[in-house]
Amino acid sequence: MTKAVAINGSPRKQAGDTAMLLTPFIQGMKDAGCDVDLFYAAELKVKSCNCPNMYCWYKKPGNCCLKDDMDLLYPPLREAEILILATPVYVPLPGEMQNVINRLCPLMEPLLEFRDDRTRARFRKDVKISKILLVSTGGWWEKGNFDTVTRIVRELAEDASAQFAGAVIRPHAFMMKQDGKLTSDGEAIIAAAKKAGKELVQDGAINHETLDTISRPLIPESELRNIYNSLIPQQ
Ligand SMILES: Cc1cc2nc3c(=O)[nH]c(=O)nc-3n(C[C@H](O)[C@H](O)[C@H](O)COP(=O)(O)O)c2cc1C
């Protein structure tokens, strides 16, 4: 059975818009026979990496010198074939998520390579992750707003010699709900997110049309901007 680890970096955890998109995505993966372990970065106590000499590369390769909840994550990460990084856009990432990403270093081989004009590493032989992908929600209108988080996850994949398996992104995600309930557009996006998870496991890749359904505009840009600007308290 294919194994995956999903890390949700939203500080709002289960109550957040990122979970609203990630939950059906994971369900689709499970329906296709994948075993998915889900973690919330904000529930884990993960220190920021403060190691001056790259202990996990040059002192004791594969071992982190810090002792905290990363010890709960490393074993399933070594077993997983797919890594899903789920996050809201926070110009660019919530701090807890960045800490987790930085602490992935012990999973990499210390041997540097020069590939396509870039200094790269690769996952250690005991790490099975071959695909990394992004699931992300944002508040603003345009898809370009996800470029930075997408770049971060793509860079991580390329650094680790894993395949970047795509970006499942949902701009103005809060518009999927009205008065706390999913709209019909919201329901269609949830169904597409589930389909995307299934496609990833069954076909090895997510169909472009499925991604487009998930990220399509739900409102004209000027209307969304007016909604936000009307929230500004009057002096
Ligand atoms: C500190 C902060 C920064 C944010 N920055 C952006 C941003 O740059 N672009 C964007 O589209 N949304 C931004 N947002 C909105 C969130 O990304 C958006 O509401 C997201 O769907 C929240 O997901 P969550 O409920 O899972 O936390 C920001 C929100 C916060 C609190």
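That block above? That's the structure.
Draft legend 1. Examining helix H6 (residues 184-203) more closely. Taking 1.5 Å of rise per residue, 20 residues should cover 28 Å, and H6 covers 27 Å from first to last C-alpha, within 8% of that figure. The complete set of buried residues in H6 reads Gly186, Ile189, Ile190, Ala192, Ala193, Ala196, Gly197, Glu199, Leu200 and Val201. Residues of H6 that are buried in the fold lie against helix H1 (17-31), strand S3 (82-88), strand S6 (131-137), strand S7 (163-170), strand S9 (181-182) and helix H7 (208-215). Among the residues trailing H6, Gly204 stands out with phi positive, at a value near 85°.

Draft legend 2. Just the pattern of salt bridges, in detail. Considering all chains together, one arrives at 15 salt bridges under this definition. Notably, a salt bridge pairs Arg216 with Asp185, separated by 3.2 Å at the nearest N-O pair. With a gap of 31 residues between them, Arg216 in the loop between H7 and helix H8 (221-229) and Asp185 in helix H6 connect regions that are remote in the sequence. Judged by its relative accessible area of 27%, Arg216 is partly exposed.

Draft legend 3. Spotlight on unusual backbone geometry. Here Val91 and Pro92 are connected by a cis peptide whose omega angle stands at -5°. Tracing the backbone through its elements, the reader meets Pro92 in the loop between S3 and helix H4 (95-102). Notably, Asp117 is not glycine yet its phi reads approximately 65°, a positive angle. Relative to the helices and strands, Asp117 resides in the loop between strand S4 (113-115) and strand S5 (118-120). Of note, Ser161 is a non-glycine position whose phi angle comes to about 60°, a positive value. Among the secondary structure elements, Ser161 is positioned in the loop between helix H5 (147-159) and S7. Judged by relative accessible area, Ser161 falls into the partly exposed class, the value being 33%.

Draft legend 4. Focus on the pairing of S7. Summarising burial for S7: six of the eight residues are buried, a large majority. When S6 meets S7, the two strands line up parallel, connected through six bridges. Its bridge partner being in S7, Val135 is matched across the sheet by Val168. Taken together, S6, H5 and S7 constitute a β-α-β crossover, and its handedness is right-handed.

Draft legend 5. Representation of the pairing of S6 within the structure. In terms of burial, S6 is largely enclosed, as seven of its seven residues are buried. Side-chain alternation along S6 places Lys131, Leu133, Val135 and Thr137 on one buried face and Ile132, Leu134 and Ser136 on a second face that is also buried. Two strands pair when backbone bridges link them, and S3 and S6 are joined in this way by seven bridges, in the parallel orientation. Bridge assignment links Ile82 to a residue of S6, and that residue is Lys131.

What counts, and where the lines are drawn
Residues numbered from 1 in each chain as written. Predicted model: local features only at pLDDT ≥ 70, side-chain atom pairs only at ≥ 80, totals over all residues. Heavy atoms only, no water. Helix = DSSP H or I, 4+ residues; strand = E, 2+ residues; numbered from the N terminus. Expected span 1.5 Å × (residues − 1). Buried < 20%, exposed > 50% of the residue type's maximum accessible area, 1.4 Å probe, protein only. Contact = heavy atoms within 4.5 Å. Salt bridge = Lys/Arg side-chain N within 4 Å of Asp/Glu carboxyl O. Pairing = 2+ DSSP bridges. Right-handed = clockwise from strand over helix to strand, strands pointing away.

Shape descriptors only; they carry no functional weight alone.
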